[in-house]
Amino acid sequence: MCIRDRAGGELRVVHASMLHDRDDIKHEHTDDELRLKIAPAPAVFCCGHTHRSLIRRVDQTLVVNAGSVGASFDGDMRAAYAQIVYDGQGWQAEIMRVPYDYERTARDFELSGYMREAGVCAPIVYKEFQTSRPYLGSWYRRYNDLVLAGKLTAAESVQRFLHNDSMAG
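Residues numbered from 1 in each chain as written. Predicted model: local features only at pLDDT ≥ 70, side-chain atom pairs only at ≥ 80, totals over all residues. Heavy atoms only, no water.

Undergrad: How should the layout of surface pockets be read in this particular structure?
TA: If you roll a probe as big as a water molecule over the atoms, it shows you where there is empty space left. Computed from the structure, the largest pocket encloses a volume of approximately 540 Å³. Arg22, Asp24, His49, Phe73 and Gly137 are the residues nearest the centre of the largest pocket, which is lined by 16 residues in total. Residue contributions to the lining of the largest pocket peak at 4 residues, all from helix α5 (residues 136-148). (1 Å grid on protein atoms, 1.4 Å probe; cavity = no way out; pocket = protein on both sides within 12 Å on 5 of 7 lines; lining within 4 Å. Points joined across faces, edges and corners; volume = space filled by probe spheres on them. Helix = DSSP H or I, 4+ residues; strand = E, 2+ residues; numbered from the N terminus.)

This is the structure in C-alpha cells:
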C-alpha cells in the first residue's frame, strides 16, 4: 500500500521488507542493511512481521515496524500498534500500547478449537502468547534436523522443548 503526503512524500506499507515478505526489519540491522530492505527509500516505511516494535530514521526515511497487535515479543502483554501522523511539516510515529482482554483471548485458544486443530506447534504458539516472547524459532533451530532425521517425532520435539529445554522459559 502506498499513500502520498501533500509534499509528495510516500508512506509505504509492506509486511516485512521490499526484499521479501519474510525478510525482517529489526533493531540490530545496520543502516546499510536497512537501505537495501526499504529501497527505493520512501518518506515513511511501515512494516511488521517481527512482532517487535521499532521506530528509527535511516537517512530521510522514517522506518516504523508496528510489531504486533496481540502477540508482541518484547515481554509487554498489551496490544501494540503504530500511530503515524503527517503534521504538515513531516511524518511522526509513535508506538501505542493498549490493554485488551487477555483472559478472554487465553480461553479462546481452547474454545475456538485452535489447540486441537492448529497442529503440533499450537502449544508453542500458546506459550508465545502467554509470555510475549518468541519460541517457535528456537524450537525449530533445536529440533528440525532431529525430526527430519527421524530421531524424534514433531510432537515429541515440542514436548521436549516445552518441558526440558531452558529456552522454553
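Undergrad: Would you mind showing me how to read the pattern of salt bridges here?
TA: For the structure shown, the criterion picks out 12 salt bridges. A salt bridge links Asp59 to Arg35, with the nearest nitrogen and oxygen atoms 2.6 Å apart. Taken together, the residues Asp59 in the loop between β4 (54-58) and β5 (61-65) and Arg35 in helix α1 (residues 31-38) connect sequence positions 24 residues apart. Residue Arg35 is classed as partly exposed on the basis of its relative accessible area, which comes to 32%. The residue Asp76 makes a salt bridge to Arg97 at a minimum N-O spacing of 3.8 Å. Residue Asp76 is located in the loop between β5 and β6 (79-86), and its partner Arg97 is located in strand β7 (residues 91-98); the two are separated by 21 residues in the primary sequence. If you follow the salt bridges from partner to partner, you end up with Asp74, Asp76, Arg78 and Arg97 in one network. (Salt bridge = Lys/Arg side-chain N within 4 Å of Asp/Glu carboxyl O. Buried < 20%, exposed > 50% of the residue type's maximum accessible area, 1.4 Å probe, protein only.)

Undergrad: In this structure, what is going on with the nonpolar core? I would like to understand it.
TA: Most often, soluble globular proteins keep nonpolar side chains buried together rather than apart. Ile25, Leu34, Ile38, Phe45, Cys47, Leu54, Val58 and Val63 together form the largest nonpolar core, which totals 8 residues. Among the secondary structure elements, those contributing two or more residues to this core are α1, β3 (44-47) and β4. By size, the runner-up hydrophobic cluster in this structure holds 7 residues, among which are Ile124, Trp139, Leu152 and Phe161. (Core = buried A, V, L, I, M, F, W, Y, C linked by side-chain atoms within 4.5 Å.)

Undergrad: Honestly, the pairing of β6 in this entry has me stumped. Any pointers?
TA: Taken residue by residue, a regular strand's side chains alternate between the two faces of the sheet. The pairing of β6 with β7 spans 8 bridges and is antiparallel. Bridge pairing in β7 places Val85 opposite Gln92. Linkage of β6 to β7, two consecutive antiparallel strands, is achieved through a turn of 4 residues, within which Gly88 is found at a positive phi near 95 degrees. (Pairing = 2+ DSSP bridges.)

Undergrad: It is not clear to me how α5 should be interpreted in this structure. Could you clarify?
TA: Along an α-helix, a turn takes 3.6 residues, which lines up residues three or four apart on a common side. At Arg142, α5 is bent by approximately 40 degrees, the largest bend along its length. Turning to α5, the residues buried within the fold contact α4 (122-131) and α6 (154-164). (Bend = angle between axes of the 7 residues up to and from the residue. Contact = heavy atoms within 4.5 Å.)

Undergrad: Help me understand the sheet that holds strand β1 (residues 2-4), please; the structure alone is not making it clear to me.
TA: The pairing of strands in a sheet comes from backbone hydrogen bonds and takes either a parallel or an antiparallel form. The strand order β1-β2-β3-β5-β4 describes an open sheet built from 5 strands, whose pairing is mixed. Two strands lie at the open edges of the sheet, namely β1 and β4, each paired on one side alone. Neighbour to neighbour, the strand axes of the sheet diverge by 15 degrees on average, direction disregarded. For β4 and β5, the ladder comprises 5 bridges, and the chain directions are antiparallel. Pairing of Arg57 across the sheet is with Leu62, part of β5. Along the sheet face, α1 touches β2 (10-13), β3, β4 and β5 and points at about 95 degrees away from the line of β4. (Axes fitted to C-alpha atoms, helices over the stretch in contact; angles between N-to-C directions.)

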